[in-house]
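Chain residues, written in single-letter form:
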Number of protein chains: 2
Amino acid sequence: MRNKERMSDELVKSFSALADPTRLAIVERLMAEGELPAGDIVAGVDITAPAISRHLKVLRDAGLIRQRAEGTKRIYSADARGLRRIADWTLSRRIYWDSQFDRLAAAIDLEGGPDA
Amino acid sequence: MRNKERMSDELVKSFSALADPTRLAIVERLMAEGELPAGDIVAGVDITAPAISRHLKVLRDAGLIRQRAEGTKRIYSADARGLRRIADWTLSRRIYWDSQFDRLAAAIDLEGGPDA
DNA sequence: ATGCTAATTAACGGAAGTGTTAAATTTTGG
DNA sequence: CCAAAATTTAACACTTCCGTTAATTAGCAT
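Below you will find a few notes about this structure. (Residues numbered from 1 in each chain as written. Chains lettered and ligands numbered in written order. Predicted model: local features only at pLDDT ≥ 70, side-chain atom pairs only at ≥ 80, totals over all residues. Heavy atoms only, no water.)

**Some remarks on the pairing of strand 2 (residues 65–70) of chain A**
All names here are of chain A. Counted only if it meets this: At least two bridges found by DSSP between two strands are what make those strands a pair. Secondary structure elements are defined from DSSP: runs of H or I of at least 4 residues count as helices, runs of E of at least 2 residues count as strands, and each element is numbered from the N terminus.
With six bridges connecting them, strand 2 and strand 3 (residues 73–78) associate as antiparallel partners. Bridging from a neighbouring strand, Ile65 pairs with Ala78 of strand 3. The antiparallel hairpin formed by strand 2 and strand 3 contains two residues in its connecting segment, where Gly71 sits at a positive phi of about 65°.

**Focus on the sheet that holds strand 2 (residues 65–70) of chain B**
In a beta sheet, neighbouring strands pair by backbone hydrogen bonds and run either parallel or antiparallel. Residues and elements named next belong to chain B. Cut-off, in case you're wondering: Fitting a line to C-alpha atoms yields each axis, with helices limited to the stretch in contact; the angle taken between N-to-C directions then spans 0 to 180 degrees. Only heavy atoms matter for contacts: two residues are in contact if any of them lie within 4.5 Å across the pair.
Taken in spatial order, the three strands of this open sheet run 1-3-2, and their pairing is antiparallel. The open sheet has two free edges, formed respectively by strand 1 (35–37) and strand 2, since each of these has just one partner strand. Pairs of neighbouring strands in the sheet enclose a mean axial angle of 30°, with direction left out of account. Two strands pair when backbone bridges link them, and strand 1 and strand 3 (residues 73–78) are joined in this way by three bridges, in the antiparallel orientation. Directly across from Pro37, in strand 3, lies its bridge partner Ile75. Here helix 2 (residues 21–33) sits on the sheet and contacts strand 1, strand 2 and strand 3; the angle it forms with strand 1, its principal contact strand, is near 120°. Helix 4 (residues 49–61) rests against strand 2 and strand 3 of the sheet, and its axis sits at about 120° to strand 2.

**Here's the deal with the packing of helix 2 (residues 21–33) of chain A against helix 4 (residues 49–61) of chain A**
The angle between the axes and the distance between the axes are what describe a pair of packed helices. Residues and elements named next belong to chain A. Test applied: Geometric relationships in this document are graded by angle, where less than 35 degrees denotes roughly parallel, more than 145 denotes roughly antiparallel, 65 to 115 denotes roughly perpendicular, and other angles denote oblique. Amino acid classes used here: Ala, Val, Leu, Ile, Met, Phe, Trp, Tyr, Cys and Pro are nonpolar; Asp, Glu, Lys and Arg are charged; the rest, including Gly, are polar.
It is at 10 Å that the axes of helix 2 and helix 4 come closest, and there the two elements cross at 70°. Judged by the inter-axis angle, helix 2 sits roughly perpendicular to helix 4. Together, Thr22, Arg23, Ile26 and Val27 of helix 2 and Ile52, His55, Leu56, Val58 and Leu59 of helix 4 make up the contact between the two elements. Across the contact of helix 2 with helix 4, the residue classes tally to six nonpolar, two polar and one charged.

**What about the protein's contact with DNA strand D?**
How we decide: Residues are counted as near a molecule or strand when any one of their heavy atoms sits within 4 Å of it. Within 3.5 Å is the distance limit for a polar contact, defined as a pair of N or O atoms, with the added protein rule that one can donate a hydrogen and the other accept it, and that residues adjacent in sequence qualify only through two side-chain atoms.
Contacts to DNA strand D come from 22 residues, most closely from Thr48, Arg54 and His55 of chain A together with Gly39 and Tyr76 of chain B. When atoms of DNA strand D within 4 Å of the protein are split into backbone and base, the sugar-phosphate part holds 67%. At 2.9 Å, a side-chain N or O of Ser53 of chain B approaches a phosphate oxygen of DNA strand D. Those elements giving two or more residues to the surface near DNA strand D turn out to be helix 4 of chain A together with helix 3 (38–42), helix 4 and strand 3 of chain B. The element contributing the most residues to the surface near DNA strand D is helix 4 of chain A, with four residues. Grouping the amino acids of the surface near DNA strand D by side-chain chemistry returns eight nonpolar, eight polar and six charged.

Shown next as structure tokens:
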């Protein structure tokens, strides 16, 4: 029972991490470009390095990005774990939002379904 | 171009709405039970009605729940639109987080892919 | 050691989020 | 109309979030 609550907390943390336009943009860019040093992420955004640094920490704590060191540089890349957590949750409710099912069917299926 | 930014904003709004344990729980419960009056949502949570009322407003503004009136009651139900927005985004990056693809393939495919 | 570059942490101010209690709104029923 | 019930809105306190500038840490080169 505690496990379920922990998962929910992790999920909330993932959502929180993406609930900011700057952070969402960072994740999108890392997914598109593979990996980037912190400096490259700062360039092209009009906020300062310390702010970005903390955004990166938030994303890292949420498991959405990873970091590796290379000299004085910190190279960041997207981490599938965090995104997969969101995907798992979303897909487990597919029956609800997928238009080929109606809401009633969704309610019935969820009752004794993936969450049980 | 402006359209894309708007979409991104909507997505951030959806994530923000779910970035709170109380609101996530409300959405989950509505998906599971179909529809509930505000009073039933208040009962079973240890926060007051006004707080819940504002949480419901946040979820409604994000397109995650819907409201209909019945007497003095306000009946809420999950709204697939908001969830589908998250699902669309997540699935459009499936190539990135799905373990059957590696990161390089994801980068290549995203470059001229679903986002173009 | 010194200096240079890259990045993070510290300290702080302002904006936004979350909860409470009290008041207002809306609808129903006598 | 008056009163009760269900919700929402108003006003307020408190905490968290987000950005800035200044200071610190860490690696590399001379």
